[in-house]
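Here are the chains, one letter per residue:
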Amino acid sequence: MNSIRSSQTTKAIQRISESVFVGLCRELGTSQLVAMRRDLIDFWEMVENHVIASDEYYGLLSGSYREGFRLKNSDVDFMYWPNNHRVICELSQSQYYNTHRQTLILCDCSNSPPGFTLLYLLSPSMNRKIQEACVRINTRYYVSSSKYRQILLSASLHPHGPCVSGTIGPVEFDQASCFVSDFWPPSASSWIGRCHSWPQPHVVDDIVKNGCHFVAIGHKLGNHEDHEWRISFSQAEQKLVYVMNHCQFLTYGLLKLILTEIINNGVGDDDKLLCSYHMKTAVFWVIQQNTILQWCPQNFLGGFWVCFKLILKWVYEGVCPNFFIPGNNMFLSKIHGVKQHQLFIRLSELYEKGLAFLLHSPSIRSHIIDVLHNPRNSSSTDDHTLISEFRFDINLFGEILNYRTMQKVDIQRCIRYLHTIEQMIGSPLLTQYQVIMLQNMTAMVLQYTAFILHMETYTSDNKTRYRADKMSCHMLKLAAKFGCITDMLYIAMYYYKTLRYRETVSIIEMINVKLAQSYVMYNNLIIDTEMYTEAVGGQSWSTKMRQAVAWDIRLDKSIQYISELIPEQQSAQQNHWPFLFVPSLVLFYMLEILCYRHVDTMRARTALDDLQTLVHYDQDQLCNIISIDLRDISWQILGICQQVTGNPQAALYSYEQSLRQAPFYNIQTATEMRIQRVCQWITLNN
């Protein structure tokens, strides 16, 4: 009888495990989705770092976003380091560098706690910020971590541990300034010897040959806290997360969720003792120690429970060993005394409830309850049954849109991008996701190049302007062939900017025909999924993007697209936005109005009515057409169009409505300026 009950209990836990696994696949991503996200990030970083190879600073994306998570309210982590500085672990390693081009820094761990070091400048640095951060200890000059962090702060950034934090619109980011070493630190040599079963030897070799980083934070109990640097293995950790199987990855994800939704829920920031990094470290240790023989959906909660018990043990002992340098106790100076005891009691109470404590997680609860209510139901864990074709396409194209921008826009950088893209076209090493990313990136760079070329030759002689104009038109048309439907709007903006009103109207009419199709995916929303599947289902992503994808238009701060929107771009830039999004349909009607007023006033009136209907649309349904974040710019554009067509009273109302919307891009400066001018005009003409 007991064996029967035990068997029934085991089967019930297996079904719950499968249900939670499937739920997390839908919440955090299937293995196919996660692979796609990583492929696109890897490709973007490869292109970016190839382009900026000769720049003063180099960088990489790190943290959970890079690992493949897309968690709500999660920030984005960057690491930056000076390209012409290298940290060495012993003097003999200096033979591998040209000291005329590279400034060498010696890692001095002799008087620092495990995992931390001082950085001794072996030769003078030409970098002004590094010069200012130097301090003298005995007879040597060291780069002070605290001084370096302080120097990098600005009015728009604030300190956050070893990072400086800020926002780009609603997205929070942490930027860790650091130094890079091409060598694996001797203090982490024991890790290599521990890697018997995981990770595999080729992964270990890859990790070791890529060295490590040093981030600007000292140990609170160190002799030189203000000047020490922490040895960072962010790049190694990212590679380890990449070689996890999907059950292991989702176990890490589940630990992150329960940390946010249960352990730290309702706890003040100062009392949040455990962090995501501790969760990741626990998963690393459990995988390497081979505690779990089977990492599979049926045993998913078993793997999670082993990790949770390890964290509980660490809190009880007050010791969390760093995965690469175990002597570095990451709880030291943070989790001890009364706070340690309180945290242990909190975790013990969860442990005593068993897996039932997961019912307190909003993200997990329903997946457990479903099985309890329907014990005979089983969940399919196959990727192809967990996500439909159009749902995957939505994620893919939405992900690609995140990388549709360039840094430090100028003609030379555009040429470097185009050269890099040219080298990659046709490469057999690119994945299927990276091919579509390359196609999208090509369209983006061609658009940037076309507008920058026009700006830079605007005051040149007629012959130069003619040649530049011909090249710009060609590049924009080529970009439209590579890109999505709404990339044609860049051609329309260029034609309008260069006073080609009839050509603009012709392009707009072509866009109108394409956007009218019911299968079009607009802003990652599909109006008719059946029509989408019928029209482009089973076709290449390249075909889908050209025929069935429409995005809002991104206006970069560095480029003047059309004069009517320059104040809005400037206002967004003043508020730390590098670009301004405009709803494609709103821009479509705006260009139609601006052009038709020169060639057909009746059509201009009709277009204005259409725009007004769109912006005044029922608020509950408006978000299906215009994102709630873009209502301010939509009202603003309606006001601009009303003003240029001779209706200042209506324009005033629209500008006032713009001010009442959520200030996503903070364009209020431009709105208030327009209100002031239209009021002056009304006063003078009454």
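Everything numeric here is computed off the predicted structure, so don't read it as measured data.

Caption draft 1: Structural context of the overall build of the protein chain. For the protein chain, the count of helices and strands is 29 helices and 17 strands. C-alpha atoms of the protein chain, sized along the principal axes, occupy 80 × 75 × 55 Å. Counting all 686 residues of the protein chain, 53% fall into the buried class. Nonlocal contacts in the protein chain, meaning residues at least 24 apart in sequence, comprise 69% of its contacts between residues at least 6 apart. If you average the places of the 59 positive and of the 61 negative side-chain charges in the protein chain, the two averages end up 2 Å apart.

Caption draft 2: Spatial organisation of the pairing of strand 4 (residues 103-108). The buried fraction of strand 4 is high, at six of six residues. With burial as the criterion, each face of strand 4 is covered, one bearing Thr103, Ile105 and Cys107 and the other bearing Leu104, Leu106 and Asp108. Relative to strand 5 (residues 116-121), strand 4 is paired through four bridges, and the arrangement is antiparallel. Within strand 5, the residue paired with Ile105 across the bridge is Leu121.

Caption draft 3: Main features of the packing of helix 2 (residues 31-51) against helix 15 (residues 389-401). The geometry of helix 2 relative to helix 15 is characterised by a closest axis approach of 10 Å and an angle of 20 degrees between their N-to-C directions. Put simply, helix 2 runs roughly parallel to helix 15. For the crossing formed where helix 2 meets helix 15, the hand is right-handed. Between helix 2 and helix 15, the residues in contact are Gln32, Leu33, Met36, Arg37 and Leu40 and Phe392, Asn395, Leu396, Glu399 and Ile400, respectively. Here the residues of the contact of helix 2 with helix 15 sort into six nonpolar, two polar and two charged.

Caption draft 4: Up close: the confidence of the model for the protein chain. Looking at the protein chain, pLDDT values average 90 and 94% of them are 70 or higher. Taken together, the stretch residues 618-623 has pLDDT below 50 and engages in seven contacts with residues farther than four places along the chain or on a different chain.

Caption draft 5: How the structure looks around the environment of Phe43. In this fold, Phe43 is placed in helix 2. The exposure class of Phe43 is buried, given its relative accessible area of 0%. For the pair Phe43 and Met437, spaced 394 residues apart in sequence, the C-alpha to C-alpha distance is 8.0 Å. For Phe43, the residues in contact, after removing those within four places along its chain, are Met424, Leu430, Gln434, Met437, Leu438 and Met441.

Caption draft 6: Local environment of the pattern of salt bridges. Evaluated as defined, the whole model comprises 18 salt bridges. Ionic pairing is found between Glu45 and Arg66, a salt bridge with its closest N-O pair at 2.7 Å. Of this pair, Glu45 sits in helix 2 while Arg66 sits in helix 3 (residues 63-67), and the two are 21 residues apart along the sequence. Each member of the pair, Glu45 together with Arg66, is buried. By sharing partners, the salt bridges in this structure join Asp42, Glu45 and Arg66 into a single network.

Analysis parameters
- Residues numbered from 1 in each chain as written.
- Predicted model: local features only at pLDDT ≥ 70, side-chain atom pairs only at ≥ 80, totals over all residues.
- Heavy atoms only, no water.
- Helix = DSSP H or I, 4+ residues; strand = E, 2+ residues; numbered from the N terminus.
- Buried < 20%, exposed > 50% of the residue type's maximum accessible area, 1.4 Å probe, protein only.
- Contact = heavy atoms within 4.5 Å.
- Lys, Arg positive; Asp, Glu negative; His and termini not counted.
- Charge placed at Lys NZ, Arg CZ, Asp CG, Glu CD.
- Pairing = 2+ DSSP bridges.
- Axes fitted to C-alpha atoms, helices over the stretch in contact; angles between N-to-C directions.
- Parallel < 35°, antiparallel > 145°, perpendicular 65-115°, else oblique.
- Left-handed = near helix turned anticlockwise from the far one by under 90°.
- Nonpolar A, V, L, I, M, F, W, Y, C, P; charged D, E, K, R; others polar.
- pLDDT = per-residue confidence, 0-100.
- Salt bridge = Lys/Arg side-chain N within 4 Å of Asp/Glu carboxyl O.

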